[in-house]
Amino acid sequence: MTATLLPNLAAVSYPTIGHFLEDGFVDPAIQSLLVGVKIAGPAVTVRIADNDAIAMNHALLAMKPGGVLVVDMSGDHRHAPVGAVTAAAAVARGAVAIVVDGVATDVLELRDTGLPIFARGTSCLTTKRVYGTGSAVNVPVQCGGVTVNPGDLVLGDDNGVLTLSPEKAGKVLRQALESDAAEPLILARIRAGEPLATILAV
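Residues numbered from 1 in each chain as written. Predicted model: local features only at pLDDT ≥ 70, side-chain atom pairs only at ≥ 80, totals over all residues. Heavy atoms only, no water.

Colleague: How should I be thinking about the packing of aromatic side chains in this particular structure?
Modeller: The relative placement of two aromatic rings is captured by the distance of their centres and the angle of their planes. If you walk through the whole model with that rule in mind, you get zero aromatic pairs. Lying across the ring of Tyr 14, Lys 38 places its NZ or CZ 4.8 Å from the centre. (Phe/Tyr/Trp six-rings, centres within 6.5 Å; stacked < 30°, edge-to-face > 60°. Lys NZ or Arg CZ within 6 Å of the ring centre and 35° of its normal.)

Colleague: Before we go on, may I ask you to explain a nonpolar patch on the surface in this structure?
Modeller: Where nonpolar side chains cluster on the molecular surface, the patch consists of Ile 186, Leu 187, Ile 190, Leu 196 and Leu 200 and spans about 390 Å² of accessible area. Tracing the backbone through its elements, the reader meets Ile 186 in helix H6 (residues 166-191). (Patch = residues over 30% accessible without salt bridge, like charges linked within 9 Å, V, L, I, M, F, W, Y side chains within 5 Å. Areas by Shrake-Rupley, 256 points an atom, 1.4 Å probe, with all protein chains shown as cover. Salt bridge = Lys/Arg side-chain N within 4 Å of Asp/Glu carboxyl O. Helix = DSSP H or I, 4+ residues; strand = E, 2+ residues; numbered from the N terminus.)

Colleague: Whenever I open this one, helix H4 (residues 84-92) confuses me. Can you help?
Modeller: The α-helix winds at 3.6 residues per turn, so residues separated by three or four positions along the chain end up facing the same way. Thr 86, Ala 87 and Ala 90 are the residues of H4 that are buried. Along H4, the residues classed as buried sweep out an arc of 95° about the axis, all on the same side. Those residues of H4 that are exposed and angled more than 90 degrees off the buried face are Val 85 and Ala 92. Contacts from the buried residues of H4 go to helix H3 (53-62), strand E4 (97-101) and helix H5 (107-113). Positive phi shows up at Gly 94, right after H4, with a value of about 90°. (Buried < 20%, exposed > 50% of the residue type's maximum accessible area, 1.4 Å probe, protein only. Arc of directions from axis to C-beta. Contact = heavy atoms within 4.5 Å.)

Colleague: Teacher, can you tell me more about unusual backbone geometry here?
Modeller: Outside of glycine, negative phi angles account for most residues, and trans bonds account for most peptide bonds. One non-glycine residue, Asn 51, lies in positive phi territory at about 60°. In this structure, Asn 51 sits in the loop between strand E2 (38-47) and H3. Asn 51 gets classed as partly exposed once you look at its relative accessible area, which sits at 24%. Non-glycine residue Asp 106 carries a positive phi angle of around 55°. On the secondary structure map, Asp 106 appears in the loop between strand E5 (103-104) and H5. A residue is classified by how much of its surface remains accessible, and Asp 106, at 32% relative accessible area, is partly exposed.

If you want it as structure tokens, here you go:
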């Protein structure tokens, strides 16, 4: 199901989905560190506890091509789990993006990789090579106020990030595509000076 959904989801304007759904939208403080990005892929999740950099390595080894790494920092918005080496390894594993509910580091090097990184900001303080007893890979995680399950679909662009189960994505897809198809005509009518009362729903 996911393989057939992804190309169509990538064609949708993600804010259009916001017309039809209320849940699954990640805290807008988590934004892309690159400009002009648009990503879609199934989630590979990792929960990092106690500044545990080893957990990120385990998550990278679990990555499959086309996946999006979703990082739950257990509320830690100070220690960066993503940097130049992490991004390069993610690219090597075929990841299409990383979404971290926290901060990233090595921002110039991250941008050089071209890998979309979504984060709350940047920091020089990083995670450490220690084992956090609460860390885990491919478990339900929290990211920006949203529960993300392994295999959920992660969509992101310059506007932000949202996550959907494949079932929910399938239900909203047609609505979103139809809305996108209608929008150019609506904009053209507004620009042509047609009275707004005949265009806007009231």
